[in-house]
Amino acid sequence: MALRLFNTLSARVEEFHPLQQNEVRMYACGPTVYDYGHIGNFRTFIAVDILLRFLKQSGYHVRYVMNITDVDDKIIRNSAKAGVSVQQYTAKYEEAFLEDSATLNIERPTLVRATEHIPEMADFIAKLEKKGLAYRTDDGSFYFPIAKFPQYGKLSKKDFSGMEDGARVDVDEYEKDNARDFALWKGPKEGEASWQTPIGVGRPGWHIECSVMSMRELGDTFDLHAGGEDLIFPHHENEIAQSESLTGKTFANFWFHARFLLVEGEKMSKSLGNFFTIRDLVLKGYKPSSIRYLLCSVPYRNQLNFTFDGLRQAATSVDRLRNFRLRLSSANLPAGSDEAMSKLATETSERMKAALEDDLNTAQAQAAIFEMVRAANAAFDAGEMKKDDAAPLLAAVDKFDEIFAVLADDDVPKMQAILKWARAEGREKDITPEALSIAGAGGLSDAVIEGKIAEMTAARAARDFKKSDTIRAELIEAGILVEITKDGIRWRRK
C-alpha cells in the first residue's frame, strides 16, 4: 500500500508518488518572525514533521526546504516601532523559532530567508513584466494581474468570476474573498526597509518570496507544498498564479494543509486570554513531550481542541510508553519466546504503518501502540513474557518514536533552558511551582537560591561548615556559582 494524502489541489485523497522514484522535494511555509510562535503555528509544523519522518521511514530521500519570512508588513511595522533594523528585529524571533522547534523535536529543514534572495525576486518580477504578466504603478510598485491567469482559484475552490478587473490590494494579508491584483513588489516608503534592484528601489511582496525560494531550491515543479489552512487563500493561490504564469508548468503536485486548532473549545486569541506560545506552556509546568504528543494526537485535517486536561492526559500517555520501554529493557526475563508476542509486535508495526499511510492518521497509529502495550503488560503480569520477546516489542516502540519523537527523556534540560530564558526576559513571575518541580534543581528560583544562601550564611556563622559545604554543593549541581568573600556570600547562574 502506498501513502495516500489529501491533496488540496484536487480536493481528494490521492496516492502520493514523487516525480523521482526515491526522492521527495518538499517545501513548507515557515514562520513570519515578528513574534514568538504559538501552539497553532506549531501544530502545523509538527504535522509537516510527522509527514517528513514517515516519508523517511518509508525509504524516501527527502529534500525539505522551509522559508523564513523576515520581511513583511508586520515586521516592518514592529521593527520601526521598536526603533531597530528589520534584521535586528527578526534575528531574535528566528532564533526563538529554531529553539522552540528543537524543544518539540521538530527536525530542522534547509532554511531559506527572504532577505537573502531579493535579487532573484526582482529578476522573477522583471521576467513576468516582460511577458505582460506584471505591471508597474506610479509609486514604483509592481502588481500581478490575476485576470491573466484563468485558473485563479483552483486551489481555494473560490469563484472569482465577479471580481473587479484591475482592482489592486497592496497589503500582505487581506479578506479571504478579496480577489484583486496583488503586489509583487512594493515601492519605497519613508521609514520602511528597502533594497536597490534593477527593477527599482523597494521590497518584495509576501507571495513572491515563497515562489522564488521554493523554485530556486527545488525546481520549477516539485512534489509537495505544505502549510496551515489559513495560507490556502490568498498566499498559496497567489504563489500558484505567479509561478505557473512564468514557467508554464505545474508549480507543486501535492498541497498539504493542516487545520487550525481551538483552545478549550474557542478560537485562540489574545483578547480571550487563551493565546499560548510553547514557552508559555512550559512555564506553566507542561513538558515539551506532552505538548508535542497532544499537537499530533488528532489527524492533521481534523480540528484539534487543545485543552489542559488533554495536556495532562498526553503526559500520562508518554510516561506510560516510557515506563513500558523501561520495563521491557530492564526486566530479568526467563529464556525463550512466545509466538504470540512476536505476532503482536509485527501486527502493531503493520497497523501503525497502515494508519500513517491512510492520510497520516496519527490517532490510529497511537491507538495501535497502546493496544500492544496493554497486551504486553498483561503478558508480563501473567508471567508469560520471555527474554526473546523483548526485542521485537522494543522495535515496534522504536518505530513509533521515529515518527512521534516523544520518548527521549530530555524534558528536564529543555525546561531548564526555557526557565533560564524567562529569567533573562524578566518573566520570572510566570514560572510556576509545577515548572520548577519538573525542571528539578536547575530550575531553582531566585527566592529559593537566596534562601539557601541564607542557610549557608547561618551555618557558617554557627561554624557548621559541613552543612555549608553540602548546601554549596547542591547549588553548584544546580548550575549556581557560589563565591565566599569577606563581605559575605555571592552567587550567580552559570
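None of the values given here were measured: they were computed from a predicted structure.

**What to know about the overall build of the chain**
Along its length, the chain carries 16 helices and 18 strands. C-alpha extents for the chain along the principal axes are approximately 85 × 70 × 35 Å. Counting over 494 residues, the chain shows a buried share of 53%. Taking as baseline every contact in the chain between residues at least 6 positions apart, the subset at least 24 positions apart corresponds to 74%. When the accessible surface of the chain is summed, it comes to about 22200 Å², and 48% of that surface belongs to carbon and sulfur atoms. Charge separation in the chain, taken as the distance between the mean sites of 65 positive and 75 negative side-chain charges, equals 3 Å.

**Topic: helix H5 (residues 206-218)**
The terminal C-alpha atoms of H5, which comprises 13 residues, lie 19 Å apart, in line with the 18 Å expected from a rise of 1.5 Å per residue. Where H5 is concerned, the buried positions are Trp206, His207, Ile208, Glu209, Cys210, Ser211, Val212, Met213, Ser214, Met215, Glu217 and Leu218. Backbone geometry just downstream of H5 places Gly219 in the positive-phi region, at approximately 100°.

**Details of the sheet that holds strand S15 (residues 266-267)**
Hydrogen bonds between backbone groups are what pair the strands of a sheet, and the pairing can be parallel or antiparallel. What the three strands build is an open sheet, ordered S15-S14-S16; its pairing is mixed. Two strands close off the open sheet at either side, each with one partner strand: S15 and strand S16 (304-306). Pairing between strand S14 (residues 261-263) and S15: two bridges, direction antiparallel. Each bridged residue has a counterpart across the sheet, and for Val263 the counterpart in S15 is Glu266.

**With respect to unusual backbone geometry**
That bond from Phe233 to Pro234 is cis: its omega, 5°, falls within 30 degrees of zero. The topology assignment puts Pro234 in helix H6 (residues 232-247). You will see that Asn105, though not glycine, has its phi angle at about 60°, which is positive. Mapped onto the secondary structure, Asn105 falls in the loop between helix H3 (86-103) and strand S5 (110-113). Phi angles above zero are rare outside glycine, and Ala405 is one such case at about 50°.

**Overview of the pattern of salt bridges**
Scanning the entire structure with this criterion turns up 36 salt bridges. A salt bridge links Asp409 to Arg322; its shortest N-O distance comes to 3.9 Å. You can see Asp409 sitting in the loop between helix H12 (390-404) and helix H13 (411-424) and its partner Arg322 sitting in helix H9 (residues 308-330), a full 87 residues away along the chain. On the accessibility criterion, Asp409 (70% relative accessible area) is exposed. As a salt-bridge pair, Arg427 and Asp430 come within 2.7 Å of each other at their nearest N and O atoms.

**Some thoughts on the packing of aromatic side chains**
The final tally for this structure, using the stated rule, is 18 aromatic pairs. Taken together, a centroid distance of 5.2 Å and an interplanar angle of 70° make the contact between Phe45 and Phe97 edge-to-face. Of the two residues, Phe45 is situated in helix H1 (residues 39-57) and Phe97 in helix H3; the sequence distance between them amounts to 52 residues. The two residues Phe45 and Phe97 agree in class, both being buried. Between Phe144 and Phe182, the aromatic rings sit 5.3 Å apart at their centres with planes inclined by 20°, giving stacked as the arrangement. One end of the pair, Phe144, is in strand S7 (residues 142-144); the other, Phe182, is in strand S9 (residues 181-186), and 38 residues separate them in sequence. Owing to a relative accessible area of 0%, Phe144 belongs among the buried residues under this scheme. Members of the aromatic cluster, each reached through a chain of ring pairs, are Tyr27, Phe222, Phe251 and Trp255. The ring centre of Tyr143 lies 5.2 Å from the NZ or CZ of Arg168, which sits over that ring.

Calculation criteria
- Residues numbered from 1 in each chain as written.
- Predicted model: local features only at pLDDT ≥ 70, side-chain atom pairs only at ≥ 80, totals over all residues.
- Heavy atoms only, no water.
- Helix = DSSP H or I, 4+ residues; strand = E, 2+ residues; numbered from the N terminus.
- Buried < 20%, exposed > 50% of the residue type's maximum accessible area, 1.4 Å probe, protein only.
- Contact = heavy atoms within 4.5 Å.
- Areas by Shrake-Rupley, 256 points an atom, 1.4 Å probe, with all protein chains shown as cover.
- Lys, Arg positive; Asp, Glu negative; His and termini not counted.
- Charge placed at Lys NZ, Arg CZ, Asp CG, Glu CD.
- Expected span 1.5 Å × (residues − 1).
- Pairing = 2+ DSSP bridges.
- Salt bridge = Lys/Arg side-chain N within 4 Å of Asp/Glu carboxyl O.
- Phe/Tyr/Trp six-rings, centres within 6.5 Å; stacked < 30°, edge-to-face > 60°.
- Lys NZ or Arg CZ within 6 Å of the ring centre and 35° of its normal.

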